[in-house]
Amino acid sequence: MPVVHVNVWEGFGKEKAKTVIQNITKVFVDLGIPSHAVEVIVHEIQKSHWGVGGEPASEKFKDISP
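Model, not experiment: these values are computed from the prediction.

Participant: Sorry if this is basic, but what is going on with the packing of aromatic side chains here?
Facilitator: How two aromatic rings sit relative to each other is set out by the distance from centre to centre and by the angle between their planes. Per the stated rule, a full pass over the model turns up 2 aromatic pairs. Each ring, one from W9 and one from W50, has its centre 6.2 Å from the other, and the planes form 80°; the classification is edge-to-face. Here W9, found in strand β1 (residues 3–9), pairs with W50, found in the loop between β2 (39–45) and β3 (51–52); they are 41 residues apart in sequence, far enough to count as distant. Each ring, one from W9 and one from F61, has its centre 5.6 Å from the other, and the planes form 40°; the classification is tilted. Residue W9 is located in strand β1, and its partner F61 is located in the segment after α2 (57–60); the two are separated by 52 residues in the primary sequence. Classification of F61 by relative accessible area gives partly exposed; the value is 23%. These aromatic residues form a ring-pair network of at least three members: W9, W50 and F61.

Laid out in structure tokens, this is it:
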């Protein structure tokens, strides 16, 4: 049973998360794993709690939306 964790910035949204879940599941189904055995967990993380290059993403990527 594969369990896939996807970390994204807060604000990613329900529709995008649904698309990610469907498409990641499809990858495993194409590999022969039944869809009911695939778990995908989307974690939305605040930019201020996500560090990139020693800086919070909220500061490093001020002008980029999720």
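There is more to say, and it comes next.
Participant: Which parts of the structure should I look at to understand the environment of W9?
Facilitator: For W9, a relative accessible area of 16% puts it in the buried group. Between the C-alpha atoms of W9 and I45, which are 36 residues apart in sequence, the distance is 4.9 Å.

Participant: Sorry if this is basic, but what is going on with the pattern of salt bridges here?
Facilitator: When the charged atoms of two side chains with opposite charge come close together, those side chains can pair. Summed over all chains, the structure comprises 2 salt bridges. Residue K26 pairs with D30 through a salt bridge whose shortest N-O separation is 2.8 Å. Of this pair, K26 and D30 both sit in helix α1 (residues 14–30), 4 residues apart, which is roughly one turn of the helix. In this structure D30 comes out as exposed when scored by relative accessible area, which is 55%. Put simply, K60 and E55 hold a salt bridge, and the shortest N to O gap is 3.9 Å. Given a relative accessible area of 37%, K60 falls into the partly exposed group.

Calculation notes
- Residue positions are given per chain, counting from 1 as you read along its sequence in written order.
- Local features in a predicted model are, by the rule used here, given only for residues with pLDDT of at least 70; side-chain atom pairs are given and counted only at 80 or more, and totals for whole chains, interfaces and linings are based on all residues.
- Side-chain metrics in this entry use all non-hydrogen atoms of the structure; hydrogen atoms and water are not considered.
- Pairs were defined over the aromatic rings of Phe, Tyr and Trp, the Trp ring being its six-membered one, requiring ring centres within 6.5 Å. Orientation was assigned from the angle between planes: stacked under 30 degrees, edge-to-face over 60, tilted for the rest.
- In this text, helices come from DSSP runs of H or I with a minimum length of four residues, and strands from runs of E with a minimum of two, each type numbered from the N-terminal end.
- To sort residues, take the accessible area from a 1.4 Å probe on protein chains only and compare it with the maximum for the residue type: under 20% means buried, over 50% means exposed, and anything in between is partly exposed.
- Salt bridge, as applied in this entry: a Lys or Arg side-chain nitrogen positioned within 4 Å of an Asp or Glu carboxyl oxygen.

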